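Observations on chain architecture
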Amino acid sequence: MAGLYIHIPYCHAKCSYCDFFSIPRADSVDSYVDALLVELSLRRNEIAQSFSTVYIGGGTPSILSEEQLARLIEGIGKTVDIASLEEFTIEANPEDVTPQWCETIKRLGVNRVSMGVQSFDDEQLAIINRRHSSQDAIHAIDTLRSSGINEISCDLIYGLPGQTLDSWKHSLCRLLDFDLPHFSSYLLSYEPGTRLFQQLKHGKVEEASEELAQDMYSYLIEEAARRGYEHYEISNFSKLGHNAVHNSNYWRDLPYLGLGVSAHSFDGHVRRFNANKIKDYIDCMSQRLLYCKVEEETADERHNDYIIVALRTAQGIDLNRYMFNWGTDRCNQLLSVAQQFIDRQQMTLNGDYLAIAEAHMLISDRIMVEFIV
Ligand code: SF4
């Protein structure tokens, strides 16, 4: 089975922490939707398997008008059997969620909404330049549910400027009180090129200390477990049977086709990358020319990709698969590197799986780097 990802690179305005490819205007959306459908027709056969998931992400896909969204999804439906999909997710921002929008996405076959909430503190939302209030987020969740959309995931960020442990607890508990089937939670990262990074450089905001970030993370995993969530990936938590299928397939290294600017694809052997120039993309598609660059991975790159995705998950590295792909000697070498972390209880060896211990996921980068070749 494979996944189809569609990137919508438009947002109402730029959040100050965001380094995803998105631009704060939407004047070329009609031509962009046309271009996506051309790209799908040109590249569908790159992936042999049928699609079991579709994910419309961004950017802010909920910025599309209902007409644009209908044209996009009905166009996809000419190639993909939407009724038989296991999961069809669209990302939304709270300010765009109305009863009419919910009815439209339901009619078009979308069965899951992933929404950026980020915080339930209005001051913190303003600092990071979100356009919605905490009340908008509450209202959006209620609207989705009363429209019969129950497969909802929300994102929260911790370590925001000025956020205390108590205010993080408040935001997290406010979200958990909804008892959603899924949520994601990330430590704020100051990425070069973002407004927040500049503010940090000029001393206008302060980064959360390592100790505070660790306390926030510890509270997150304890409270999520207490409320019945499985922490199945470094940033993702779900109730039983509600793991995000599309994203989990990335972590299982399954094939996916990514359409639109800055999207990536993987056919099981080769990775392809689309550049992030919207105008060039639309021009290429209007002439039915491919826009992606092919990257043949070396054996070491393939190995490193597997390590990075596997160690993000609670399950960890499948040692049988590792041995099959990279041989017994390399597997023994991997286990000998892992031993120091196992001794310190930072990693666990459960049967045939080697994983980072939950309490140490926050420092996973420091552990992963030891396994990269
Ligand atoms: S809405 Fe999402 S994609 Fe758009 S700027 Fe904000 S964080 Fe980035």
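Going along each chain's sequence as written, the residues are numbered from 1 onward. Reporting of local features is limited, given that this is a predicted model, to residues whose pLDDT is at least 70; pairs of side-chain atoms are given and counted only at 80 or more, and all residues count toward the totals for whole chains, interfaces and linings.

**Comments concerning the overall build of the chain**
Helices and strands together make up the secondary structure of the chain, namely 14 helices and 15 strands. C-alpha atoms define the radius of gyration, and 2.2 Å times the number of residues to the power 0.38 defines the globule rule. On C-alpha atoms alone, the chain measures out to a radius of gyration of 21 Å, which is about the 21 Å that the 2.2 N^0.38 rule sets for 373 residues. The principal-axis extent of the C-alpha atoms belonging to the chain is close to 60 × 50 × 45 Å. Residues counted as buried form 37% of the 373 residues belonging to the chain. Per the convention used, a helix needs a DSSP run of H or I reaching at least four residues, while a strand needs a run of E reaching at least two, with both numbered from the N terminus. Between the buried cut of 20 or more and the exposed cut of 12 or fewer other C-beta atoms within 10 Å of a residue's own C-beta lies the partly exposed class, and all C-beta atoms are placed from the backbone.

**Regarding the site of the ligand**
Looking at the ligand, the residues that line it are Cys11, Lys14, Cys15, Cys18, Phe20, Ser22, Gly58, Gly59, Thr60, Asn93 and Gly116. Residues that form the shell around the ligand fall into these classes: 4 nonpolar, 6 polar and 1 charged. Residue proximity rests on one test: whether the C-beta atom, placed from the backbone, lies within 6 Å of the molecule or strand. Only Asp, Glu, Lys and Arg are considered charged in this grouping, and only Ala, Val, Leu, Ile, Met, Phe, Trp, Tyr, Cys and Pro are considered nonpolar; every other residue, Gly among them, is considered polar.

**Side note on unusual backbone geometry**
Here the bond from Gly58 into Gly59 is cis, since omega is 20 degrees, no more than 30 degrees from zero. Residue position: Gly59 is located in the loop between β2 (51-58) and α2 (66-76). Residues other than glycine seldom take positive phi values, yet Asp179 does so here, at roughly 55 degrees. Checked against the element boundaries, Asp179 lands in the loop between α6 (165-176) and β6 (182-187). Judged by the 10 C-beta atoms lying within 10 Å of it, Asp179 is exposed.

**As for the packing of α6 against helix α8 (residues 210-226)**
Here α6 crosses α8 at 25 degrees, and the two axes come no closer than 10 Å. Judged by the inter-axis angle, α6 sits roughly parallel to α8. Crossing geometry of α6 relative to α8 is assigned as right-handed. Note on element contacts: α8 touches α6 through Leu212, Asp215, Met216, Tyr219, Leu220 and Glu223, opposite Leu165, Trp168, Lys169, Leu172, Cys173 and Leu176. Of the residues belonging to the contact of α6 with α8, the class tally is 9 nonpolar, no polar and 3 charged. An axis is simply a line fitted to the C-alpha atoms; with a helix, the fit covers only the stretch in contact. Between two such axes, the angle follows the N-to-C directions and lies from 0 to 180 degrees. For this classification, under 35 degrees means roughly parallel, over 145 means roughly antiparallel, 65 to 115 means roughly perpendicular, and everything else is oblique. Left-handed is the label given to a crossing in which the near helix is rotated counterclockwise from the far helix by less than a right angle, and right-handed is the label when the rotation is clockwise. Distance between backbone-placed C-beta atoms decides contact: two residues are in contact if it is within 7 Å.

**Brief notes about the packing of helix α1 (residues 29-43) against α2**
The N-to-C vectors of α1 and α2 enclose an angle of 5 degrees; their axes lie 10 Å apart at closest approach. The pairing of α1 with α2 is recorded here as roughly parallel in orientation. Facing α1, whose interface residues are Val29, Asp30, Val33, Leu36, Leu37 and Leu40, α2 presents Gln68, Arg71, Leu72, Gly75 and Ile76. In terms of residue class, the contact of α1 with α2 is made up of 7 nonpolar, 2 polar and 2 charged.

**Quick word on the nonpolar core**
The term nonpolar core means buried Ala, Val, Leu, Ile, Met, Phe, Trp, Tyr and Cys residues held together as one set by C-beta atoms within 7 Å. Ranked by internal contacts, the top residues of the largest apolar core, which has 75 residues, are Leu4, Leu36, Val54, Cys154 and Leu156. Discounting chain neighbours no more than four positions away, the residues touching Leu4 are Phe51, Val54, Val80, Tyr256 and Leu257.

**Notes on the environment of Cys292**
Assignment of secondary structure puts Cys292 in strand β12 (residues 292-295). Spatially, the C-alpha atoms of Cys292 and Ile149 are 35 Å apart, while their sequence positions differ by 143 residues. In this structure Cys292 touches Ser265, Arg272, Phe273 and Asn274, once residues within four positions along its chain are discounted.

**Some words on the sheet that holds strand β14 (residues 347-350)**
Strand order across the open sheet formed by 3 strands is β13-β15-β14, with antiparallel pairing between neighbours. At either end of the open sheet lies a strand with only one pairing partner, and these are β13 (317-318) and β14. When β13 meets strand β15 (residues 353-356), the two strands line up antiparallel, connected through 2 bridges. In the strand pairing of β15, Ile317 is matched with Leu354. Two strands are counted as paired when DSSP detects at least two bridges linking them.

**Some details on helix α3 (residues 99-107)**
Every buried residue of α3 is listed here: Trp101, Cys102 and Ile105. Down the axis of α3, the buried side of the element spans an arc of 100 degrees, and every buried residue falls inside it. When the buried face of α3 is taken as reference, the exposed residues oriented beyond 90 degrees from it are Pro99, Gln100 and Arg107. Taken together, the buried residues of α3 touch β3 (87-92) and α5 (134-146). Once α3 finishes, Gly109 follows within two positions and takes phi at roughly 100 degrees, a positive value. Taken from the helix axis, the directions to the C-beta atoms give the arc we talk about.

**Observations regarding the domain arrangement of the chain**
All domain edges in this entry derive from an automatic or database-based domain assignment. Domain parsing of the chain yields domain 1 (2-251) and domain 2 (316-371). Each side of the interface is counted separately: domain 1 has 7 residues, and domain 2 has 4 residues. Ranked by residues supplied to the side of domain 1 that touches domain 2, first place goes to α8 with 4 residues. Looking at the side of domain 1 that touches domain 2 residue by residue, the classes come out as 5 nonpolar, 2 polar and no charged.

**A look at the environment of Glu295**
Within the element layout of this structure, Glu295 appears in strand β12. With 12 C-beta atoms counted inside 10 Å, the residue Glu295 sits in the exposed group. C-alpha separation for the pair Glu295 and Gln163, spaced 132 residues apart in sequence, amounts to 41 Å. Setting aside its immediate chain neighbours within four residues, Glu295 contacts Arg271 and Phe273.

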